[in-house]
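Fold and geometry: a report
So you can see what is in the structure, the chains are spelled out below.
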Amino acid sequence: MNLQLNGIDYLIIAVYFLFVVGIGFLLKKRIKTGNDFLMSNRSIPLWITSLAFISANLGAQEVLGMAANGAKYGLYTAHFYWLGAALAMIFLGVFMMPFYYGSKARSVPEYLKLRFDEKTRTFNALTFAVMTVFSSGVSLYALAILMQTILGWDFSLSVWTAAGVVLIYTFLGGLTSAVYNEVLQFFLIVLGIAPLVFIGLDKAGGVEGIIQNVENAKLHLWKGMDHASHNPMGVDAFSLVFGLGFVLAFGYWCTDFLVVQRAMISRNLNAAQRTPLIAAIPKIIMPAIVILPGIVLLALQNQFPGFELPKNDAGEVNYNMTLPLLLSKIYPNGILGVGITALIASFMSGMAGNVTAFNTVWTYDIYQSHIKRNASEKHYLYVGKATTVAGILISIATAYLAKGFNSIMDLLQLVFSFVNAPLFATFFLGMFWKRTTGHGAFWGLLAGTGAAALMHGLTVAEGKGGWITNIHEFYSGTSQAFNIAAVAFIVCFIATVGISLVTKPRPDDQLVGLVYSLTPKQKDKAKIWYKNPLWLGVIVLVATLILNIIFY
Amino acid sequence: MKRLYDLRFVIGLFFVVIGVLLLGYVLLSGSAEGMSINKWGGILFLSFGIFMVALSLKKPVE
């Protein structure tokens, strides 16, 4: 597949680059301290934090990956939104944000320091910093490979151009610039892909055409969930609900600083709580933009020639080409430039989100905590800026490393998933059980991570895993990932409880504002409904429930 | 200059520019294949851009 761009397409890409860099230059004047650069001085309006909250997650994995999953698994992919994200975002807004924001922590690892101890924070900060900077590099690598494949662009040109643009606007305007650009990127991605969905759906014969041309098994959410072999995703209801819906989704949306940071820079606690709740509204509509293209492609394949997906080197269908294929078949030059810009924006959004989260955690949780404690705000501003440059350079190096040794990147991502899997158990116990101790949290995290690795070594799915021995084979890699997460969570939970019971807890007075039972409850009842996090949570919950019933 | 700090204005301006570029391309290309998509896409982006600029002219949001 090779798309031919012309002058108008390149002009649109150039205008986009001009705007994102321009935003960086505009905001430069407002950056005077480390707090401005790394925390936006906690002054960002609610509508911006809400859109940035979902946009930080609207990277390439979401845009390309969910379209690919739409073609591979059909509507079952929507579980990532209507089971996973929505409930976790409600939980974050209603229950967890008061502790993150109210504790005055500047980062998620810093909350761990306040609640537990320095070693738990450092473990989380180090793993998070390494993960974000490598994820940024993987994003860069994926962008360059995609541009090489569909546009014939030189790998190095894509890497250095994208990294250079992200560097300019994050270096100049810090987190505020990244967040502002994320909002621009959100609108660009949604409006750039929406016409593709609309035209594709029309060409496929509308909803009737989808129903007639896509196998029925891919048009449901819950049908066939009684057993992993009865649905295209290869998962059973328990692994889906517990593994994805609880452990993985809550672990990501409630503890990953990359997204939580967007809520933590709100102007006040009420806005911080409402950020994920308001973000949940476009989030539950997002499958229409990112998953539907995959389903539309399935319908088009059945009716028209030329919509077959290409195969990769191993001879397997390359589902990641779903969106680029639709762009090439449906969009003419002109709007094609907008579509390609939307793809580039998704990669850059993911990269900038990772870099800004990395520089905050590095500066506050590693540098300030372990290297230089009581320096001036100006000093931390310089450190934050230097960290931004370093983060981008490491990302570039990672992109080249991934090009040469793809298996190393797979391994790294696998190790990161082991570290992430148990994290929610630590936060959950920390916030809701005052008896949880620092030793319990730290060793529980390590035990959960070890259990995830062990589970991967003992099970196989789609030819992966089983590097110790094979005691069980899963129907799909997705099912394996959900089950590994579930086991990691349970082991971390049990180990944390067990160790906490035999170690000394902190006195109650040190845990006020950090633990649910010891924190005075807010009195939100007088507020109008759209300012009340609980009411917003109920609205999102009901909407999600209705979607699950409609698409049962 | 102060308006440039309002993100609604910046986003609106971006989509106005993109909309104008697409509509200008349609005018220059005549009735070439696929121009209908560009025309409606251009109108969509331009309308959204104008809407965002108009919003930014109102009082600041929370």
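Conventions we followed
Sequence order as written defines the numbering, with residues in each chain counted from 1. Labels follow written order: the first chain is A, the first ligand is 1, and so on. Thresholds applied to this predicted model are a pLDDT of at least 70 for local features of residues and 80 or more for the giving and counting of side-chain atom pairs; totals over whole chains, interfaces and linings are not thresholded and use all residues. In computing side-chain properties, one takes all heavy atoms of the structure into account and sets aside hydrogens as well as water. We define the nonpolar core as a collection of buried residues of types Ala, Val, Leu, Ile, Met, Phe, Trp, Tyr and Cys that are connected through side-chain atoms lying within 4.5 Å of one another. The buried label goes to any residue with under 20% of its type's maximum accessible area, the exposed label to any with over 50%, and the partly exposed label to all in between, with areas taken from a 1.4 Å probe on protein chains only. Helix numbering and strand numbering both begin at the N terminus, where a helix is a DSSP run of H or I of at least 4 residues and a strand a DSSP run of E of at least 2. Between two residues, a contact is recorded if the distance between any of their heavy atoms is within 4.5 Å. The pairing criterion for strands is at least two bridges between them, as found by DSSP. Only the stretch in contact is used when a helix axis is fitted, and all axes are lines through C-alpha atoms; the angle between N-to-C directions ranges over 0 to 180 degrees. For this analysis, a salt bridge means a side-chain nitrogen from Lys or Arg found within 4 Å of a carboxyl oxygen belonging to Asp or Glu. Buried area adds together the accessible area that both of two parts lose upon being put together, with accessible area traced by a 1.4 Å probe. Each polar contact in these results corresponds to two N or O atoms within 3.5 Å; when the atoms are within protein, one needs to be able to donate a hydrogen and the other to accept it, and residues that are neighboring in sequence are counted only if both atoms are side-chain atoms. In this classification, Asp, Glu, Lys and Arg are treated as charged, Ala, Val, Leu, Ile, Met, Phe, Trp, Tyr, Cys and Pro as nonpolar, and every other residue, Gly included, as polar. You can read pLDDT as the predictor saying how much it trusts each residue, on a scale of 0 to 100.

What follows covers the nonpolar core. Grouped together as the largest cluster of nonpolar side chains are 198 residues, with contacts concentrated most on Tyr100(A), Ile340(A), Met348(A) and Phe15(B). Looking at which element gives the most residues to this core, the answer is helix H8 (residues 155-203) of chain A, with 22 residues. Those residues in contact with Phe15(B), other than ones at most four positions away along the chain, are Leu184(A), Phe187(A), Leu188(A), Leu191(A), Phe45(B), Leu46(B), Phe48(B) and Gly49(B).

When you line up the elements, Thr388(A) lands in helix H17 (residues 377-404). Among residues more than four places away in sequence, those in contact with Thr388(A) are Phe37(A), Leu167(A), Thr170(A), Phe171(A), Val355(A) and Asn359(A).

Looking now at the sheet that holds strand S1 (residues 459-461) of chain A. Strand pairing within a sheet occurs via backbone hydrogen bonds; the two strands may be parallel or antiparallel. Residue and element names in this part refer to chain A. Taken together, three strands build an open sheet; the order of strands is S2-S1-S3 and the sheet is mixed. Each edge of the open sheet carries a strand with a single partner, namely strand S2 (464-465) and strand S3 (472-473). Where S1 and S2 come together, two bridges link them in antiparallel fashion. By the bridge assignment, Val460 is partnered in S2 with Gly465. Sheet contacts for helix H20 (residues 438-458): S1, S2 and S3; angle to S1, the most-contacted strand, approximately 65°. Against the sheet, helix H21 (residues 477-502) makes contact with S1 and S2, and its axis sits at roughly 145° relative to S1, the strand it touches most.

For the rest of this paragraph, the subject is unusual backbone geometry. Residue and element names in this part refer to chain A. Of note in this structure, Lys104 is not a glycine but carries a positive phi near 65°. Along the chain, Lys104 turns up in the loop between helix H5 (79-102) and helix H6 (108-115). By relative accessible area, which is 61% here, Lys104 ends up exposed. Residues other than glycine seldom take positive phi values, yet Glu462 does so here, at roughly 50°.

In the structure shown here, the tally under the stated rule is 10 salt bridges over all chains. For the salt bridge of Arg8(B) with Asp6(B), the shortest nitrogen-to-oxygen distance reads 2.9 Å. Given the relative accessible area of 5%, Arg8(B) is considered buried. A single salt-bridge network, built from bridges that share partners, covers Arg106(A), Glu110(A), Glu118(A), Arg121(A) and Asp365(A).

Taken residue by residue, the interface counts 27 residues in chain B and 34 residues in chain A. Both faces combined, the contact of chain B with chain A buries some 2600 Å², and carbon together with sulfur accounts for 81% of it. Inspection of the region where chain B meets chain A yields zero salt bridges. Connecting chain B to chain A are three residue pairs in polar contact (both at pLDDT 80 or more). Broken down by secondary-structure element, the contributors of at least two residues to the side of chain B that touches chain A are helix H1 (7-29) and helix H2 (35-57) of chain B. With 12 residues, H1(B) is the largest single contributor of residues to the side of chain B that touches chain A. Residues of the side of chain B that touches chain A, tallied by class, amount to 21 nonpolar, three polar and three charged.

It is worth spelling out the confidence of the model for chain B at this point. Per-chain confidence: chain B averages 86 in pLDDT, with 90% of residues scoring 70 or above. Interface scoring of the predicted complex returns ipTM 0.93; its pTM is 0.90.

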